[in-house]
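# Chains, contacts and geometry: an overview
Each chain, letter by letter, is given below.
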Amino acid sequence: MSASVDVAKHVLVIGQGGREHALVRALRQSATVQAVHALPGSDGIALDAKCHNIDWKNFDAVLGVIRESSIDLVVIGPEIPLEAGLSDFLRANNVQVVAPSREAARLESSKIFSKEFMVEAGVPTARHFVVSTVAETLKAAKNFAPPFVLKADGLAAGKGVFICKSEADLEKAARDLFESKILGSAGSSALLEEFSPGYEISYLVLTNGSDSRPLILAQDHKRLLDNDEGPNTGGMGVVAPIEIDAALRARIDSDVVERSVRHLQKRGFMFRGVLFIGLMITPEGPSVLEYNTRFGDPETQVILPLLDGDWAVVFSELAAGRLIDLKWKPLSAACVVLAAKGYPDTPVKGAAMTLPGEASASRYLLHAGSARSATGHRSTDWQTNGGRVLNAVGIGASLREAIDAAYEIANEVKSDALVLRSDIGRRQLEG
Ligand code: AMP
Ligand code: GLY
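Read on for a plain summary of the structure. (Residues numbered from 1 in each chain as written. Chains lettered and ligands numbered in written order. Predicted model: local features only at pLDDT ≥ 70, side-chain atom pairs only at ≥ 80, totals over all residues. Heavy atoms only, no water.)

The alternating pattern of strand 22 (residues 381–384) places Asp381 and Gln383 on one face and Trp382 and Thr384 on the opposite face, and all of these are buried. The pairing of strand 19 (residues 352–354) with strand 22 spans three bridges and is antiparallel. Residue pairing across strands places Thr354 opposite Asp381, the latter belonging to strand 22. (Buried < 20%, exposed > 50% of the residue type's maximum accessible area, 1.4 Å probe, protein only. Helix = DSSP H or I, 4+ residues; strand = E, 2+ residues; numbered from the N terminus. Pairing = 2+ DSSP bridges.)

Side chains Val97 and Ala99 project from strand 5 (residues 97–100) onto one buried face, and the interleaved Val98 and Pro100 project onto a second face that is buried too. Here strand 4 (residues 73–76) runs beside strand 5; their pairing, made up of two bridges, is parallel. Pairing of Val75 across the sheet is with Val98, part of strand 5. Note: strand 5 against strand 16 (residues 271–282), two bridges, orientation antiparallel.

So, on to the environment of Lys349. In this structure, Lys349 sits in the loop between strand 18 (332–340) and strand 19. When its relative accessible area of 57% is taken as the criterion, Lys349 is described as exposed. Taking the C-alpha atoms as reference points, Lys349 and Gly369, separated by 20 residues in sequence, lie 9.2 Å from one another.

It is the contact of helix 6 (residues 111–121) with helix 9 (residues 246–267), at a shortest axis distance of 9 Å, that shows an interaxial angle of 105 degrees. Classified by the angle their axes make, helix 6 and helix 9 are roughly perpendicular. Where helix 6 approaches helix 9, its residues Phe113, Phe117, Glu120 and Ala121 are matched on the opposing element by Arg259, Ser260, His263, Leu264 and Arg267. When its residues are assigned to classes, the contact of helix 6 with helix 9 shows four nonpolar, two polar and three charged. (Axes fitted to C-alpha atoms, helices over the stretch in contact; angles between N-to-C directions. Parallel < 35°, antiparallel > 145°, perpendicular 65-115°, else oblique. Contact = heavy atoms within 4.5 Å. Nonpolar A, V, L, I, M, F, W, Y, C, P; charged D, E, K, R; others polar.)

Take the sheet that holds strand 19 next. Sheet strands associate in pairs through backbone hydrogen bonding, adopting either a parallel or an antiparallel arrangement. Overall, antiparallel pairing links the three strands, which are arranged 19-22-21 in an open sheet. A strand with exactly one partner marks an edge of an open sheet, and here the two such strands are strand 19 and strand 21 (370–372). Each neighbouring strand pair of the sheet contributes to a mean axis angle of 40 degrees, computed without reference to strand direction.

In the region of ligand 2, the neighbouring residues are Asp220, Gly234, Phe276, Asn292, Arg294, Gly296, Asp297, Pro298 and Glu299. Side-chain polar atom of Arg294 to an oxygen atom of ligand 2: 2.9 Å apart, as the coordinates give it. Burial of ligand 2 by the surrounding chains reaches 89%, relative to a free accessible area of 200 Å². A class-by-class count of the residues in the shell around ligand 2 yields two nonpolar, three polar and four charged. (Near = heavy atom within 4 Å. Polar contact = N/O pair within 3.5 Å; in protein donor to acceptor, adjacent residues only side chain to side chain. Areas by Shrake-Rupley, 256 points an atom, 1.4 Å probe, with all protein chains shown as cover.)

The next thing to look at is the site of ligand 1. Taken together, 15 residues lie near ligand 1, and Lys151, Glu193, Ser196, Glu200 and Glu290 sit nearest. One nitrogen or oxygen atom from the side chain of Glu193 is found 2.7 Å from a nitrogen atom belonging to ligand 1. Elements supplying a minimum of two residues to the shell around ligand 1: strand 7 (148–152), strand 8 (161–164), strand 9 (190–194) and strand 17 (285–292). Of the residues contributing to the shell around ligand 1, the split by class is six nonpolar, two polar and seven charged.

Further remarks concern the side chain of Asn208. Inspection of the secondary structure puts Asn208 in the loop between strand 10 (199–207) and strand 11 (212–214). Polar contacts involving the side chain of Asn208 include one to the main-chain carbonyl oxygen of Gly321, which spans 3.0 Å.

On to the sheet that holds strand 9, then. Pairing is antiparallel in the open sheet, where four strands are placed in the order 6-9-7-8. Only two strands of the sheet have a single partner each, and these edge strands are strand 6 (128–131) and strand 8. Averaged over all adjacent pairs, the angle separating strand axes in this sheet is 20 degrees, with direction ignored. Across the sheet, helix 6 lies against strand 6, strand 7 and strand 9, angled at about 45 degrees from strand 9, the strand it touches most. Sheet strands touched by helix 8 (residues 167–178): strand 6, strand 7, strand 8 and strand 9. Its angle to strand 7, the strand with the most contacts, is close to 5 degrees.

Attention shifts here to the nonpolar core. By size, the foremost hydrophobic cluster in this structure holds 49 residues, and its most contacted members are Tyr203, Ile252, Ile277, Leu279, Val288 and Tyr291. It is helix 12 (residues 399–411) that contributes the most residues to this core, seven residues altogether. Aside from chain neighbours lying at most four places away, what touches Ile277 is Ile201, Ser202, Tyr203, Val256, Val257, Val288, Glu290 and Tyr291. Grouped together as the second largest cluster of nonpolar side chains are 45 residues, Val33, Phe295, Val302 and Val393 included. (Core = buried A, V, L, I, M, F, W, Y, C linked by side-chain atoms within 4.5 Å.)

Note that all results are geometric; they support no functional claim without further evidence.
See below:
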């Protein structure tokens, strides 16, 4: 057996949302970590970490913080720094990083690249055509029945997928992308793919580019409103672990996870991080909707607290290219997202909220898009400062307990500027 690495003592989390607050919180609970830093972090994250108000796009300034604060491990939360090459820059400067290379991150940052990878790897995924004009889109659509799925190639913060009920809707979406250029260069080419009916699961694995370890399965709720109605969002709430049939699990492991990781290795990608596989479970079996090359938001908020172990140890090993076996607590977790009114299009900023003063290990708030109040002076005075504002997290012996705990703390937040779904986890409870 190879010797294990030194566990990090000074860790830096890049990002500023609820996922990053969850990472900070998990790392603070490590037995070896002495200091947790965030860049840029937020007012809420500053409750748990030392925040550096620096733009990550300034790579040299990031490296400056790393050197000054003796950072020995960096965890990158969001996808945009990966696409910009931050992980490669840090590795080239001998910094230990949990993240894929920019090249590997194309599995998320280009839907066309990603689809080609899936096809080469032989993983099940919806049939597709690459299109870049309205005429090509309408011609390709002749191969499919509605609804049509049109996906902008580039990163679009969750706004790049159009599910179109009719040819007329599809034509409008294609015009928006290719002629009005509503997503700029991210929408200059796109995938038209076959619609897959079913239910969705988020399957995240840690990978070192040649092998993987599964994280517990989670189920996100992507639509804004109860009963999966309303517009698509970044995610309105999540529960874990999800129980699925053993035969289905075995099929996902062999046909999706193993094939994906084997192909990562074949392509020789530098990947020491999280491969997040968005799956549709269709009547015919699992179908990959997308890869993300980072932790999910809000999946991370329910996965991290259930590890029976120390995330600093897991991440330190991973950054060195090694995977350790993960054990999980026999508990469940739920996260209810409190979003600002107007989300996802025009969330209200600067609206007042009063937060509960008390939290506990089994019911607490994470900060996503919040800021300290500009007018109130109590420690409980905050304001909205983004789309997804707060994450109410509950942990319990059963999923029911976890969900109840999450809603209890969510309901203690006083504000008339927030919206939340009331049915997070209901599908799981009802089996
Ligand atoms: P993606 O970013 O590719 O995961 O797509 C965003 C959301 O659109 C997914 O979470 C699904 O709800 C939906 N979606 C994407 N692709 C398909 C498809 N081929 N069939 C049905 N729904 C899809
Ligand atoms: N919750 C979905 C995502 O992080 O992309």
